[in-house]
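Each chain, letter by letter, is given below.
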Amino acid sequence: HKYSFASGKWSSMNDHACVKMGHYCFINVPNISPLEWHPFSISNPLSHSSTVFYIKNMHKNSWTDQLNRMAENVSSVSQMNVAVEGPYGITLDFARYDYIVLIAGGVGITPLHNVFFTLYHEVWSHGGNDLHPDYRFMPNVELWWVNRSADAFSYYLDSFRQFQSKPLDLMKIKLYATRERGRNASMDEQRHNEARKSSIAITWEAQRPYLPRKLAFMQQYAQNGLIYVCGPQSMVDDSLLAAYSNKNHFKREYFLW
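Residues numbered from 1 in each chain as written. Predicted model: local features only at pLDDT ≥ 70, side-chain atom pairs only at ≥ 80, totals over all residues. Heavy atoms only, no water.

Regarding the pattern of salt bridges
Close approach of charged atoms lets side chains of opposite charge pair. Rules: Here a salt bridge means any side-chain nitrogen of Lys or Arg lying within 4 Å of a carboxyl oxygen belonging to Asp or Glu. Only DSSP runs of H or I with at least four residues qualify as helices, and only runs of E with at least two residues qualify as strands; both kinds are numbered from the N terminus onward. Buried residues are those whose accessible area, probed at 1.4 Å on protein chains only, stays under 20% of the maximum for their type, while exposed residues exceed 50% and partly exposed ones sit between those limits.
Following the criterion strictly, the structure yields three salt bridges and no others. Of the charged contacts in the structure, one is a salt bridge between glutamate 142 and lysine 174, with a shortest N-O distance of 3.5 Å. Within this pair, whereas glutamate 142 is found in strand β8 (residues 140–147), its partner lysine 174 is found in strand β9 (residues 171–177), the two being separated by 32 residues in sequence. Taking the relative accessible area as the measure of exposure, glutamate 142 reaches 3% and is therefore buried. With relative accessibility at 29%, the residue lysine 174 sits in the partly exposed group. A salt bridge links glutamate 253 to lysine 251, with the shortest nitrogen-to-oxygen separation between them at 3.2 Å. Assessed through its relative accessible area of 12%, glutamate 253 is described here as buried.

Here we look at the pairing of β8
Stated formally: The pairing criterion for strands is at least two bridges between them, as found by DSSP. Handedness of a crossover: with both strands directed away from the viewer, a clockwise path from the first strand across the helix to the second marks it as right-handed.
The buried fraction of β8 is high, at seven of eight residues. As paired elements, strand β7 (residues 99–105) and β8 share seven bridges and run parallel to each other. Along β8, the bridge assignment pairs leucine 102 with leucine 143. Bridge analysis of β8 against β9 gives seven bridges, and the strand direction is parallel. Across the sheet, residue tryptophan 144 finds its bridge partner in β9, namely lysine 174. As a crossover connection, the stretch from β8 through helix α3 (residues 157–165) into β9 is right-handed.

A few points about the sheet that holds strand β3 (residues 24–28)
Note the threshold: Between the N-to-C directions of two axes lies an angle of 0 to 180 degrees, each axis being a line fitted to C-alpha atoms and, for a helix, fitted only over the stretch in contact.
Here three strands make up an open sheet; going across it, the order is β4-β3-β6 and the pairing antiparallel. Two strands bound the open sheet, and with one partner strand each, they are β4 (38–41) and β6 (83–88). Geometrically, the sheet is characterised by an average inter-axis angle of 30° between neighbouring strands, direction not taken into account. Pairing of β3 with β4 involves four bridges; the strand directions are antiparallel. Across the sheet, residue cysteine 25 finds its bridge partner in β4, namely phenylalanine 40.

Here's the deal with the confidence of the model for the protein chain
Going by this rule: pLDDT is a residue-level measure of predictor confidence that goes from 0 to 100. Any two residues whose heavy atoms approach within 4.5 Å at even a single point are treated as in contact.
Model confidence for the protein chain is summarised by a mean pLDDT of 82, while 81% of its residues fall at 70 or above. Confidence, expressed as mean pLDDT per element, reaches its minimum in the protein chain at strand β1 (residues 3–6) with 39 and its maximum at β7 with 97. Here residues 1–14 is a poorly scored stretch, pLDDT under 50, and it has 45 contacts once near neighbours within four places are set aside; other chains count. In this model, residues 183–187 is a region of pLDDT below 50 whose contacts with residues beyond four sequence positions or in other chains number two contacts.

Structural notes on the sheet that holds β7
Taken in spatial order, the six strands line up as β10-β9-β8-β7-β11-β12 in an open sheet, and their pairing is parallel. Two strands close off the open sheet at either side, each with one partner strand: β10 (204–205) and β12 (249–253). As judged from the two bridges shared by β9 and β10, these two strands associate in the parallel manner. Of the residues in β10, the one forming a bridge with tyrosine 176 is glutamate 205. Contacts between helix α6 (residues 233–246) and the sheet are confined to β7, β8, β11 (225–230) and β12, with β11 contributing the most and set at about 170° to the helix.

Some words on unusual backbone geometry
Following glycine 86, the chain continues to proline 87 via a peptide bond in cis, the omega torsion being 10°. Position of proline 87 relative to the elements: it lies in strand β6. Unlike most non-glycine residues, alanine 222 shows phi in positive territory, near 45°. Summarising the element assignment, alanine 222 is placed in the loop between α5 (211–214) and β11. We classify alanine 222 as partly exposed; its relative accessible area is 27%.

Points about the packing of aromatic side chains
Under the convention used in this document: When the centres of two rings from Phe, Tyr and Trp lie within 6.5 Å, Trp using its six-membered ring, the rings pair. Their planes under 30 degrees apart give stacked, over 60 give edge-to-face, and anything left gives tilted. Either the NZ atom of lysine or the CZ atom of arginine qualifies as a charge over a ring when it sits within 6 Å of the ring centre and within 35 degrees of the ring normal.
Scanning all chains against the criterion turns up 16 aromatic pairs. For the pair phenylalanine 117 and tyrosine 120, a centre-to-centre distance of 5.7 Å together with 70° between the ring planes defines the contact as edge-to-face. Separated by three residues within a single helix, phenylalanine 117 and tyrosine 120 lie in helix α2 (residues 109–124), roughly one turn from each other. Of the residues examined, tyrosine 120 reaches a relative accessible area of 1% and is grouped as buried. Linked through ring pairs, Tyr54, Trp145, Phe153, Tyr155, Tyr156 and Phe160 together constitute an aromatic cluster. The side chain of lysine 166 reaches across the aromatic face of tryptophan 124, ending 4.3 Å from its centre.

Right under this line is the structure:
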């Protein structure tokens, strides 16, 4: 494997044959700890030439903090010794559903970006909005990403720009920034936010969505609808409440470490 670093991102050149949507790997850096292995979701769409992990620096002196400091100080990847084990995970049969909502909180976007943009590239490879009849089973898919700050949306700027330049009728992206000022912002702040929104390529909303209400439309799909969430416990709980009320299928992702 060949590795490269960029702003908390690792890229591993490898064969994608065994990698499926939503999979994750365990990563070990012996220079930090020879015994510690930590799980990280594969973030890139499967059509990508690299396997990409986005790794959040959790707190000072944590394993991720030590990794961040190490990445900042190396002049060449040859100075790093990194082991990757995997991939692991259970792949859902997404084609069995009529409507799917992928809900991410913060760094929980990593597996859902993988799923959404793998499906996006799959649709475009078979005709895009003029989908080939053999692929009419593709469901409608929405990706909702909730962050504290809108600045985090820039991590996937290339993906958002691609989606904005080549939108699909079957797919939507909704972005929410919970700690940005919306209606109560000053005129200067509103103008600044508008400039930031245009730089992200996809407009974001300055609000915290109440998921049980936002997901009420999924009731019409019942067991033909899937709510798939990766985020903090409160987001998982709200999404589960919505899925239970709507009689939707439900999947959640989180790691206990």
